[in-house]
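# Survey of secondary and tertiary structure
Read off the chains here:
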Amino acid sequence: MQDFKRILSLHHEVMALRNKQFQIHEQIYQIGTRIPIHFAFGHEAIAVALASNLPSKDKLLLPHRNIHYHLALGATVEDLLAEYQIKTSSISGRYLGSMNLDFPNRGAIYTSNILGNNLSVATGIALGMKVKELKSAIWCVTGDGAIEEGSFFESLLLSSSKKLGVIYVVENNGWSLASTIEDRRIKMNLSLLAQSLGVRYQKLSGNNVHEYADTLYEIRETNLTTRDTFIVEVELTTLGGYFTTEGDHKRYINYHAGKAQKDAISESVIQSDSNDPVFISEKVHDEVKTELNIK
Amino acid sequence: MNSNFTFSSYINLKLIEYVETLEHGVFFGQNVITGSRISGLGAHMDSLGNISSFNTQNSENTLFGMGFGLSIAGVPSIYLMKQHDFALLAIDHMVNTARLLKNHSNLATFLVLMVVVDSGYEGPQSNLNNLDDLYSISQAKISLLNNKNAIDYAFKSKRKAFEIFAISQKSLKCALCIEESLTTMDGFSVSDGLEAPENTEPVLVNCGIVNDAFESCVKYLRQCGVKFQIARQIEMNLEENNQLMKKLAKVKRKFVIFDSSKSINKISTHFSFTLKEMNSQVLYLTREDHANWSRVDHDQFELDNRTVLDFLVSR
């Protein structure tokens, strides 16, 4: 029963996180802001799973798309609206806008909007914890665009060589701005790259938050014992894209940042397949409820 | 006057004294605890119990990021860098990470000790030989370890979250110069009594890391019996440095500014401007042959001492 409660709670959080993003989206553009916000529709499962595995002594480093982690860590809609309007700064304690926003009291101590910048800072924080003999996991979130930077290779090499044990979470949405992976490079085999550097590799896909949470728990336990470095590649889809017509052609415009078109939001943010964590969470939620009723 | 110390042995002594004040820390860089280290810099650091010392991979960008991460984690660190050209790979961290952290609290000091390659004949690359550009983009505190007074001042100063100490490659193994008559003011080593209102002697202002042409001109002018005062820049800090210029320009006298830095973006330009704005007579001597900065040569700033003499004795 306890486990069912935990599972339900995680899936509830995914649905709530989506709603909070919608609320912010609605309000921020009514109020008007010049701060660019990178919404993370479709990224909810990994954010909730990671936040559920983040005790206060762990540290989290985030990239420019970070709204989902802040909400999952407990920031309210009002907190973020205030941060984005540079009105009050209740979660970061400083005025940082959206792309550098951090949440130190919940472990999110550094956020960078420069691709690959946070990867090496994570190695220093991990080394600092080691020097201070503090047993904590260092999580660093990045994306499939940032791993093209040399800093990704350098940081993996450093973290692995010096047993710093950083856990790199790669949100792979297949896009960098409006370029797909296929547009810009050959496909990378992160598993093989990890293997060559003595780094452990784990892939997460399917957007099932409680499965993600269980896997991250195991990774954290192993990491604290072995100080091994990890790459956790998360396959996900950034929702909110839409189609437009250009002559006779239909053209797909992916969602990157800022205001999403309302039609697009209503039509494509909620998808009826496993690309949408909310769809999965609603499905699992119903299944668990049915199971509980039967029992 | 020269001491029994070389620049590198004196800096090592000061580094050890600094590290001994720390509860814990990290000393790192490429080849810093093996072989001849970096021209002897960093000797004995690996024998200190309170810090962790290690050689690193060749990843300057990531090593800067690591230093900033250590700072956030509250662990002081020293990164010893063989040549400051390598720091160009870490411009993102020096600019973006450093600025982001400026309003963080409880940061430990991340100190980068870098060797400025000014010895010439390195090829068109490794020929940067200036700190002005790094100062401009990073806004970091940069200390120029160009004499004993400068080294003492740099290590005695209140530590900041991110600092650069720069040392000239050609000075490293030279005997350490001691100029007894110099005191420290506004980021300069200055002659005693320089600020006194009755002191109207001309001032020779030296900017940049090391300037042989300046030293040679000082000798020449002394031989010629010309009286003058000296102000050597030992810390790059535009506001503070300019304060000194403003103080000195209150007295009517001449200034000669020497700057051997290979930058079009020199901090000394501001000094010249400030002095001229206050109606001082200024002779500003810099490298002007931009097109030749990538030439493979001795990399010396050359000037005609006679020009300086004529300026100083003219009415």
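A brief look at the structure comes next. (Residues numbered from 1 in each chain as written. Chains lettered and ligands numbered in written order. Predicted model: local features only at pLDDT ≥ 70, side-chain atom pairs only at ≥ 80, totals over all residues. Heavy atoms only, no water.)

## Structural notes on the packing of helix H5 (residues 117-131) of chain A against helix H3 (residues 91-101) of chain B
The following threshold applies: Helix axes are fitted to C-alpha atoms over the stretch in contact, other axes to C-alpha atoms as well, and angles between N-to-C directions run from 0 to 180 degrees. Each helix is a run of H or I in the DSSP string that is no shorter than four residues. Each strand is a run of E no shorter than two, and both are numbered from the N terminus. Any angle from 65 to 115 degrees is called roughly perpendicular, while one under 35 is roughly parallel, one over 145 is roughly antiparallel, and all others are oblique. The criterion used for residue contact is that any of the two residues' heavy atoms lie within 4.5 Å. Put simply, Ala, Val, Leu, Ile, Met, Phe, Trp, Tyr, Cys and Pro go in the nonpolar bin, Asp, Glu, Lys and Arg in the charged bin, and everything else, Gly too, in the polar bin.
Running from N to C, H5 of chain A and H3 of chain B point in directions that differ by 85 degrees, and their axes come no closer than 11 Å. Put simply, H5 of chain A runs roughly perpendicular to H3 of chain B. Across the interface between the two elements, Asn 117, Ser 120 and Val 121 of chain A from H5 of chain A touch Asp 92, His 93 and Thr 97 of chain B from H3 of chain B. Class assignment for the residues of the contact of H5 of chain A with H3 of chain B results in 1 nonpolar, 4 polar and 1 charged.

## Focus: the sheet that holds strand S10 (residues 188-191) of chain B
Residues and elements named next belong to chain B. As a reminder, the rule being used: Here, strands pair whenever DSSP counts at least two bridges between them.
A sheet is described by the order of its strands in space; here 6 strands give the open sequence S9-S10-S12-S11-S14-S15, paired in mixed fashion. Since the sheet does not close on itself, it has two edges, and those belong to strand S9 (182-185) and strand S15 (281-286), each with one partner. Sheet twist, expressed as the mean angle between neighbouring strand axes with direction ignored, is 20 degrees. Summarising the sheet, S9 and S10 pair through 4 bridges and their orientation is antiparallel. Bridged to Thr 183 within S10 is Val 190. Of the strands in this sheet, strand S11 (203-207), strand S14 (254-259) and S15 are in contact with helix H9 (residues 305-313), which crosses S14 at around 160 degrees.

## Examining the interface of chain B and chain A
Interface size is commonly expressed as the accessible surface area that is lost when the partners come together. The following threshold applies: The term buried area denotes the loss of accessible surface (1.4 Å probe radius) that occurs when two parts are joined, taken as the sum for both partners. A side-chain nitrogen of Lys or Arg and a carboxyl oxygen of Asp or Glu constitute a salt bridge if their distance falls within 4 Å.
Counting residues at the interface gives 25 residues for chain B and 26 residues for chain A. Interface area for chain B against chain A, summed over the two sides, is near 2,100 Å², with a carbon-plus-sulfur share of 67%. Counting the surface chain B buries against chain A, the share from its top three residues, Gln 57, Thr 62 and Leu 100 of chain B, is 25%. Summed over the shared surface of chain B and chain A, the number is 0 salt bridges. Contributions of two or more residues to the side of chain B that touches chain A are made by strand S3 (51-55), helix H2 (60-72) and H3 of chain B. Ranked by the residues each element gives to the side of chain B that touches chain A, the list is headed by H2 of chain B, at 8 residues. For the side of chain B that touches chain A, a count of residues per class yields 10 nonpolar, 14 polar and 1 charged.

## Let's talk about the sheet that holds strand S7 (residues 162-168) of chain B
Residues and elements named next belong to chain B. Here 7 strands make up an open sheet; going across it, the order is S3-S2-S4-S5-S7-S6-S13 and the pairing mixed. Here the strands that pair on one side only, and so sit at the sheet edges, are S3 and strand S13 (235-236). Across 5 bridges, strand S4 (residues 77-81) lies against strand S5 (residues 110-116) in parallel orientation. The partner of Tyr 79 across the bridge, within S5, is Val 112.

## Side note on the layout of surface pockets
All names here are of chain B. Stated precisely, the cut-off is as follows: A 1.4 Å probe that fits but cannot get out identifies a cavity on a 1 Å grid over protein atoms alone, an open set with protein on both sides within 12 Å along at least five of seven lines counts as a pocket, and a residue lines either if it has an atom within 4 Å of a point. Grid points are joined across faces, edges and corners, and a volume is the space filled by probe spheres set on the points.
A volume near 640 Å³ is recorded for the largest pocket. Contributing to the lining of the largest pocket are 30 residues, with Cys 177, Glu 179, Glu 215, Val 218 and Arg 232 lying nearest its centre. Secondary structure elements with two or more residues in the lining of the largest pocket: strand S8 (175-177), helix H6 (212-223) and strand S12 (229-233). Taken together, the residues of the lining of the largest pocket break down into 12 nonpolar, 9 polar and 9 charged.

## As for the packing of H2 of chain B against H3 of chain B
Residues and elements named next belong to chain B. One can describe the packing of H2 onto H3 by two numbers: an axis separation of 10 Å at closest approach and a directional angle of 10 degrees. As judged from the angle between their axes, H2 and H3 are roughly parallel. Contacts from Asn 61, Phe 64, Gly 65, Phe 68 and Ile 72 in H2 reach His 93, Met 94, Thr 97, Ala 98 and Leu 101 in H3.

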